[in-house]
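Residues per chain are reported as follows:
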Amino acid sequence: MSANRTRENTTTTGTGGVITLNGAVDAHASFNEYYAGSASNVQYTIEEGDDYEVGIGDFTAPNTFTSTTVYEKKEGGVYTKSPGTRLNLLGGAQIFVGIPKEEIDDKANLSTDNLFAGENTASGFIKSAVSKIVASSVDVLRVPGYDTRLDTDNGAWRKKSQWTSWYAANGAFPESSQITVEGGSTDTVSVYITNDADTPLYKVWTLTNPTSAKALDGKIIIGTSVGVVTIDLVKDQVFLHDTSGVSVADQNVENFNMSTVAWVLVDAAAAIVNNTVNDVAITAPSGAETDPNRLGLPYPTIAVGMDGGLSVINHDGSAANENDVVDITTDATVGSEIFSVSFYGERLAVAWNSVAAGTRYTYTYDIPNVDTTASGAFSVTQLGDFSSSPDLHWNGTGRSQIVEGVGSDILALATNSGPGVNLFQEDTTTPANGMVAYITTTYNTGWMPGDIRGAWLANSKTADRSVKGNTLTENGTVPETDVDTGAELKFYGPYTATINQTRTSDIDWDVFGTTAVGIDITFQSTGTATDETLFSIANAGNTVRLNVMLMADGTVDVIEDGATASVTTSSTVAYDDGVTHKIQYVRTSSVARELFVDDVSVASNTTDAGSLSDSGNLPLAIGVDADGSTLPALTTKLAFVKLTAYAKTDAQVSKVNNDERKLFQPNALSTLQGASNSVQGLSHDEDTDKLDAATDDGTTTIIGLQPIDYIDSAGIGTSDDHKAVSRVDDQLSIATAAESIFSKPSERL
């Protein structure tokens, strides 16, 4: 049900879904004026700043609106579709019915026979879901999607290529498609039309042991055991880069068959490192020149990951370097194999094997313009033995490693031996200043920034989820509850003088000196009556101390007792309101510190506290003072307690707050779904910002840090063993151990 020009203010806060309406906006009607009583199935939009929520709810006279179904929302810059969770309202929103009632009523009366298969429901017109097995084969290796609407010219080349052999035989190339790479006895690359409900087959090519594929701007790049093949749809030609150079096929695109082709060498200087190609990637770098022979599309840059190293074809996207090849070769650190390559932003990520057993490396590079070696310039180092250096760390070991770009500065990594998905936000200048997060089937760490020293209370009372492994001692039985109704994350507490968590003094925090320190704590308090300790590092006499306190009046204090002075940084706002809040304490040095609560800077202090060091004498405690009994957090529950020897930037403070708060909402998922941490495929869709992780027990979809969906054979296909995955136009393609499948969710129109 809709209504014209109905818009009201609300000061309601939180995610409860029951909204009190506070009167119509100027020149608009109130809900009560329009509906003249209660109404069901009201289509609504809530806006608050840049955030919004769209769904269906019920209006109860005179001024109550209850959200029943959330179709989509954008919160903190992250967009999600149904099934959605509610906005965390901050008290300054407007709610309105934005679609004219007449238009909705007219659409509801349309015959579905005149449109397409679908159903008219109480919640609006629904286009039915599509699920289909497109290839029944155990040999499907990859299923990359290709959405030509995301090409540089938005896919205009499809209609400008009607002179080509493939257009004459098959018609226009599909707007969106699933490219199925099938090895084994088949050795084919097939294109299926995914913007057609029947997902018909568009075209099949025969290749020699195809392993991987990517597509952009009318070029399909295919890795094989004899080099990398480029099917250039715009030029209607096929090329091969191998160790002999670059060659052109004597067949056009429509008739290309690698078992019968003859190759004509074009440029012997354009040789790649090795013919055994494991993965490929393609991008159009900023500033790339346009190719007059390809309808003005830019010259692409292609990365080829092989057994012997990596080759980059046309490193800068220029006419002068169209067939130029730059190599990154193995050295004493890495072994002979590259498992995976990915462009992200203007950079390149490479997953290498290593000469050391059980150790893998992920190196990131500016796109190279001269030959180099693997470890010549890298930012993110992954060490299977968890070295003690302050670099960002990989959560696990394993041979089959996958790297996938997620935006301009974030990487997702995984292996088929687990555990789970690893996210890296890279700092290219100082690698140790980046952030890392682990998402597994049992826990989500949130973002661990910089030189991490401990990450506790991430679905465990005692485990340190960081590389440091500083396990806590549980004293008594610490209560454990869901952070909100139906959510997967857990809160711990409240605490007492005998029920808390402690750890003895450790070099990871008892010699901070005058350098950087960071503390993160997510908490919820129902109303303090006395001062409560949330986190403490202190010696026996409190002459050296770093305590985070929730005071009797509900305000937050952070107390630094250093060698020079005692310095307290305090908020003026009370936070013991039963709402989940996040503290981020950022100490740049002994003379500079800032306190953030919920991404708001609430206090800063430049008094010199001096050194925070007392080697061997600074035990740590959560929920109580470091002495193990004083000022326990009697009314407070805690989660995501993190300690670093690093001061986050303001941008990192905002990212941590905005990404992690979504995990503390009702019914929020936080872990990898299914029963397996064995990730076999990763794919990020720039259009929806969804990261899909295929495991041997289904595929989990993640936005930011939050898993939002899961699919296995109960939803589509016959096998839970998902080998690879991709998403195009919010349509999911999955390679399983038994088939290639395609799934498009139901869509409300």
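Worth saying up front: this structure is predicted, and the values here are computed from it rather than measured.

A. Seen up close, the packing of aromatic side chains. Scanning the model with the defined rule gives 14 aromatic pairs in all. Residues W166 and Y167 carry aromatic rings whose centres are separated by 5.9 Å and whose planes lie at 55° to one another, so their mutual orientation is tilted. Among the residues examined, Y167 registers a relative accessible area of 17% and is labelled buried. Their ring planes at 45° and their centres at 5.8 Å tell us that F491 and F664 sit as a pair that is tilted. Of this pair, F491 sits in strand β40 (residues 490-492) while F664 sits in the loop between α4 (650-661) and β54 (679-685), and the two are 173 residues apart along the sequence. By relative accessible area, F664 is classed as buried at 6%. An aromatic cluster is built from Y146, W157, W166, Y167, F173 and Y202, whose rings are joined through pairwise contacts. Over the face of the ring belonging to F96 we find R7, whose NZ or CZ atom lies 4.0 Å from the ring centre. The positively charged end of R465 is found above the aromatic ring belonging to Y443, 3.8 Å away from the centroid.

B. Here's a closer look at the pattern of salt bridges. Inspection of the entire model under this criterion finds 29 salt bridges. In this structure, the salt-bridge partner of E560 is R593, at a minimum N-O distance of 2.7 Å. A residue pair is termed long-range when its members are at least 10 positions apart, and E560 in strand β46 (residues 556-561) and R593 in strand β49 (residues 592-597) qualify at 33 residues. Comparing E560 with R593 shows no difference in burial state: the two are buried. For E660, the salt bridge goes to K582, with nearest N and O atoms at 2.7 Å. With E660 in helix α4 and K582 in strand β48 (residues 581-589), this pair connects stretches of sequence that are 78 residues apart. Of the residues examined, K582 reaches a relative accessible area of 5% and is grouped as buried.

C. Examining the sheet that holds strand β41 (residues 500-503) more closely. Judged by pairing direction, the sheet is antiparallel, and its seven strands sit side by side in the order β38-β41-β52-β44-β45-β46-β47 without closing on themselves. Every other strand in the sheet has two partners, leaving β38 (473-475) and β47 (566-570) as the edge strands with one partner each. Pairs of neighbouring strands in the sheet enclose a mean axial angle of 15°, with direction left out of account. As paired elements, β38 and β41 share three bridges and run antiparallel to each other. Among the inter-strand pairings, E474 is bridged to a residue of β41, identified as Q501.

D. Up close: the environment of L141. Following the sequence through the fold, L141 ends up in strand β13 (residues 140-142). For the pair L141 and A737, spaced 596 residues apart in sequence, the C-alpha to C-alpha distance is 9.1 Å. If we skip the residues at most four places from it in the chain, L141 touches V181, G183, P210, T211, A724 and A735.

E. Quick peek at α4. When the terminal C-alpha atoms of α4 are compared, their 17 Å separation across twelve residues agrees well with the 16 Å that a helix rising 1.5 Å per residue should span. Those residues of α4 hidden inside the fold are in contact with β34 (421-425), β35 (435-439), β43 (517-525), β48, β49 and β53 (636-644).

F. Layout of the side chain of K219. Looking at the secondary structure, you find K219 in strand β19 (residues 219-224). One buried charged residue, K219, forms no salt bridge at all, with the nearest opposite charge on D232 at 4.1 Å. Those residues in contact with K219 that sit more than four places away from it in its chain are K214, T230, I231, D232, I282, R294 and P300.

G. Up close: the sheet that holds strand β32 (residues 401-405). Read from one edge of the open sheet, five strands run β32-β33-β34-β35-β36, paired in antiparallel fashion. At either end of the open sheet lies a strand with only one pairing partner, and these are β32 and β36 (448-449). Alignment of β34 against β35, held across five bridges, turns out to be antiparallel. Note on β35: the bridge partner recorded for V421 is I439.

H. Representation of the nonpolar core. W456, I521, F535, I622 and L643 are the most contacted members of the largest nonpolar core, which has 35 residues in total. For this core, the secondary-structure elements that each account for two or more residues are β43, β44 (532-538), β45 (545-550), β46, β48, β49, β52 (620-622) and β53. Among the elements that line this core, the one with the most residues is β43, at four residues. When residues no more than four places from it in sequence are discounted, the contact partners of I622 are W456, L457, L472, Y495, N500, Q501, L534, F535, L638 and V641. Among the nonpolar cores identified, the runner-up in size contains 29 residues, and Y146, Y167, V189 and W205 belong to it.

I. Highlighting the confidence of the model for the protein chain. Of all residues in the protein chain, 90% attain a pLDDT of 70 or more, and the chain-wide mean is 88. Taken as a whole, residues 379-390 scores under 50 in pLDDT and shows 41 contacts with residues more than four places along the chain or in a different chain.

J. Seen up close, the side chain of T188. Assignment of secondary structure puts T188 in strand β16 (residues 188-193). What T188 contacts, discounting residues up to four positions off in sequence, is T180, V181, E182, V204, W205, T206 and P210.

K. Geometry of unusual backbone geometry. The residue after A61, namely P62, is reached through a cis peptide bond having omega 5°. Its place among the elements puts P62 in the loop between β5 (51-60) and β6 (64-75). A cis geometry characterises the amide bond from G493 onward to P494, with omega recorded as 0°. Examined against the element boundaries, P494 turns out to sit in the loop between β40 and β41.

L. Inspection of the pairing of strand β21 (residues 237-242) at higher detail. Here β21 lies mainly inside the structure; five of its six residues are buried. Sheet topology places strand β20 (residues 227-232) next to β21; five bridges connect them, and they run antiparallel. Within β21, the residue paired with V229 across the bridge is L240. The pairing of β21 with strand β22 (residues 245-249) spans four bridges and is antiparallel. Bridge pairing links H241 to V246 in β22. From the end of β21 to the start of β22, which pair antiparallel, there are two residues.

What counts and how
- Residues numbered from 1 in each chain as written.
- Predicted model: local features only at pLDDT ≥ 70, side-chain atom pairs only at ≥ 80, totals over all residues.
- Heavy atoms only, no water.
- Phe/Tyr/Trp six-rings, centres within 6.5 Å; stacked < 30°, edge-to-face > 60°.
- Buried < 20%, exposed > 50% of the residue type's maximum accessible area, 1.4 Å probe, protein only.
- Helix = DSSP H or I, 4+ residues; strand = E, 2+ residues; numbered from the N terminus.
- Lys NZ or Arg CZ within 6 Å of the ring centre and 35° of its normal.
- Salt bridge = Lys/Arg side-chain N within 4 Å of Asp/Glu carboxyl O.
- Pairing = 2+ DSSP bridges.
- Axes fitted to C-alpha atoms, helices over the stretch in contact; angles between N-to-C directions.
- Contact = heavy atoms within 4.5 Å.
- Expected span 1.5 Å × (residues − 1).
- Lys, Arg positive; Asp, Glu negative; His and termini not counted.
- Core = buried A, V, L, I, M, F, W, Y, C linked by side-chain atoms within 4.5 Å.
- pLDDT = per-residue confidence, 0-100.

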